[in-house]
Amino acid sequence: MRRTEVHDALVLRRHPLPSGDVVATLLTPEGKWRAVARKGRLPGGNLARLSLFHDVTVQVWRRRDDDLGLITQVRLNGALSGLARPEAYPFAHLLAELADVLTAEHPMDERCYALVASGLRGLHAHDDPESVALAYAWRLLALAGLAPDVRACARCGGAASRLDVAAGHALCGDCGPVAGDAAGDAVLMLGPGTMAELRDLLLGPLGDAVRKPPADRRRHWSTLRRYVRWHVGTVRALEGLPC
């Protein structure tokens, strides 16, 4: 049955085709899907409105549910110009790619759309986009059910100072991995202070996590990279960050 759908969406990816058409990956409150935008004659047409990270409303035509949709109309709701800043652009790519990868294996509800939209707006407006990206990246993992349990040592319930990356939980200084858990080289020695900051990033109010970023950001980015590699795979935007 032929049908037309209308969706609010965020543009996560664009893949140009030899014909000049573009396949856009769109994150919507109803989920993530791909659709084709035909090359138009006017420079301000649908392709221009489907730039990366744009907030749009799209009309999509499908013959069947499993068809790749055809984008027939695009209305631009918001273009976040601040994402073009050199200090913000790489982090926008990180949130978009991480959302794309996570929704491929772990379908999420409208909260994912709301979280990514909030993160992109934060990167656009905040004078410290790195702090926004670090907090929102961990929250995306949490929304997908992949974040580590850092509330206390998983063995004894004591104060945690280490992160067992493979097992996805915290350990104290005395308790170690048991048989079947991670190898020793997958346990990161973070210290009580860094573990407390990681708890704030994952469990505290999101606004506080952005306003009060960790003291040693490089250590937290390194922890995030190790964790994402193990539980998600390679996220190129994360691997390419200079921090």
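Just so you know, these numbers come straight off a predicted model, no measurement behind them.

Caption draft 1: Fine view of the nonpolar core. Counting 54 residues, the largest nonpolar core has Leu123, Trp138, Trp221 and Leu224 as the members making the most contacts within it. Elements supplying a minimum of two residues to this core: strand E1 (3-16), helix H2 (89-105), helix H3 (110-125), helix H4 (129-143), helix H5 (191-203), helix H6 (206-211), helix H7 (217-231) and helix H8 (236-239). Among the elements that line this core, the one with the most residues is H4, at nine residues. Excluding residues that lie within four positions of it along the chain, Trp221 makes contacts with Phe91, Leu94, Glu130, Ala133, Leu134, Leu238, Leu241 and Cys243. Grouped together as the second largest cluster of nonpolar side chains are 15 residues, Ala24, Leu26, Trp33 and Ala37 included.

Caption draft 2: Local environment of H4. Across its 15 residues, H4 extends 21 Å between first and last C-alpha, which sits within 8% of the 21 Å expected from 1.5 Å per residue. Of all the 15 residues making up H4, 13 are buried; the element is thus mostly covered by neighbouring parts of the structure. Two residues or fewer after H4 comes Gly145, characterised by a positive phi angle close to 80°.

Caption draft 3: Focus on the side chain of Thr57. Looking at where Thr57 falls in the secondary structure, it is placed in strand E4 (residues 55-62). A relative accessible area of 10% means that Thr57 is categorised as buried. A distance of 2.7 Å separates polar atoms of two side chains, one belonging to Thr57 and the other to Asp8. Apart from the residues within four sequence positions on either side, Thr57 is in contact with Val6, His7, Asp8, Gln73, Val74, Arg75 and Asn77.

Caption draft 4: Just the sheet that holds strand E8 (residues 187-189), in detail. Reading across from one edge, E7-E6-E8 is the order of the three strands in this open sheet, with antiparallel pairing throughout. Edge positions in the sheet fall to strand E7 (169-171) and E8, since each has one partner strand and no second. Neighbour-to-neighbour, the strand axes of the sheet open up by a mean angle of 30°, direction not taken into account. Sheet topology places strand E6 (residues 162-164) next to E8; three bridges connect them, and they run antiparallel. Its bridge partner lying in E8, Leu163 is registered against Leu188.

Caption draft 5: Representation of the packing of aromatic side chains in the model. Taken as a whole and judged by the stated rule, the model has three aromatic pairs. Consider the rings of Phe53 and Tyr89, whose centres lie 6.0 Å apart with planes at 70°: the pair is edge-to-face. Of the two residues, Phe53 sits in the loop between helix H1 (46-49) and E4 while Tyr89 sits in helix H2, which places them 36 residues apart along the sequence. According to the relative accessible area criterion, Phe53 is buried, its value standing at 4%. With a centroid separation of 5.7 Å and 50° between ring planes, the pair formed by Trp138 and Tyr227 is classed as tilted. With Trp138 in helix H4 and Tyr227 in helix H7, this pair connects stretches of sequence that are 89 residues apart. Its relative accessible area of 1% is what places Tyr227 among the buried residues. Over the ring of Trp33 we find Arg62, and its NZ or CZ is 5.2 Å from the ring centre.

Caption draft 6: Region of interest: the pairing of strand E5 (residues 69-78). Two elements, strand E3 (residues 31-37) and E5, share three bridges in a ladder whose sense is parallel. Bridge assignment links Ala35 to a residue of E5, and that residue is Gly69. Note that E4 and E5 share seven bridges and pair antiparallel. Residue pairing across strands places Val60 opposite Ile71, the latter belonging to E5.

Caption draft 7: Representation of the layout of surface pockets within the structure. Its boundaries defined by the atoms lining it, the largest pocket holds a volume of some 210 Å³. Every residue lining the largest pocket is listed: Leu12, Arg13, Leu52, His93, Ala96, Glu97, Asp100, Val101, Arg236 and Ala237. Listed by contribution, the elements that provide at least two residues to the lining of the largest pocket are E1, H2 and H8. Broken down by element, the lining of the largest pocket gets its largest block of residues, five residues, from H2. When its residues are assigned to classes, the lining of the largest pocket shows five nonpolar, one polar and four charged. Its boundaries defined by the atoms lining it, the second largest pocket holds a volume of some 160 Å³. Lining the second largest pocket we find Glu197, Asp200, Leu201, Gly204, Pro205, Asp208, Ala209, Lys212, Pro213, Pro214 and Ala215. Residue classes in the lining of the second largest pocket are distributed as six nonpolar, one polar and four charged.

Cut-offs and rules
Residues numbered from 1 in each chain as written. Predicted model: local features only at pLDDT ≥ 70, side-chain atom pairs only at ≥ 80, totals over all residues. Heavy atoms only, no water. Core = buried A, V, L, I, M, F, W, Y, C linked by side-chain atoms within 4.5 Å. Buried < 20%, exposed > 50% of the residue type's maximum accessible area, 1.4 Å probe, protein only. Helix = DSSP H or I, 4+ residues; strand = E, 2+ residues; numbered from the N terminus. Contact = heavy atoms within 4.5 Å. Expected span 1.5 Å × (residues − 1). Polar contact = N/O pair within 3.5 Å; in protein donor to acceptor, adjacent residues only side chain to side chain. Pairing = 2+ DSSP bridges. Axes fitted to C-alpha atoms, helices over the stretch in contact; angles between N-to-C directions. Phe/Tyr/Trp six-rings, centres within 6.5 Å; stacked < 30°, edge-to-face > 60°. Lys NZ or Arg CZ within 6 Å of the ring centre and 35° of its normal. 1 Å grid on protein atoms, 1.4 Å probe; cavity = no way out; pocket = protein on both sides within 12 Å on 5 of 7 lines; lining within 4 Å. Points joined across faces, edges and corners; volume = space filled by probe spheres on them. Nonpolar A, V, L, I, M, F, W, Y, C, P; charged D, E, K, R; others polar.

Keep in mind that these numbers describe shape and distance, not what the molecule does.
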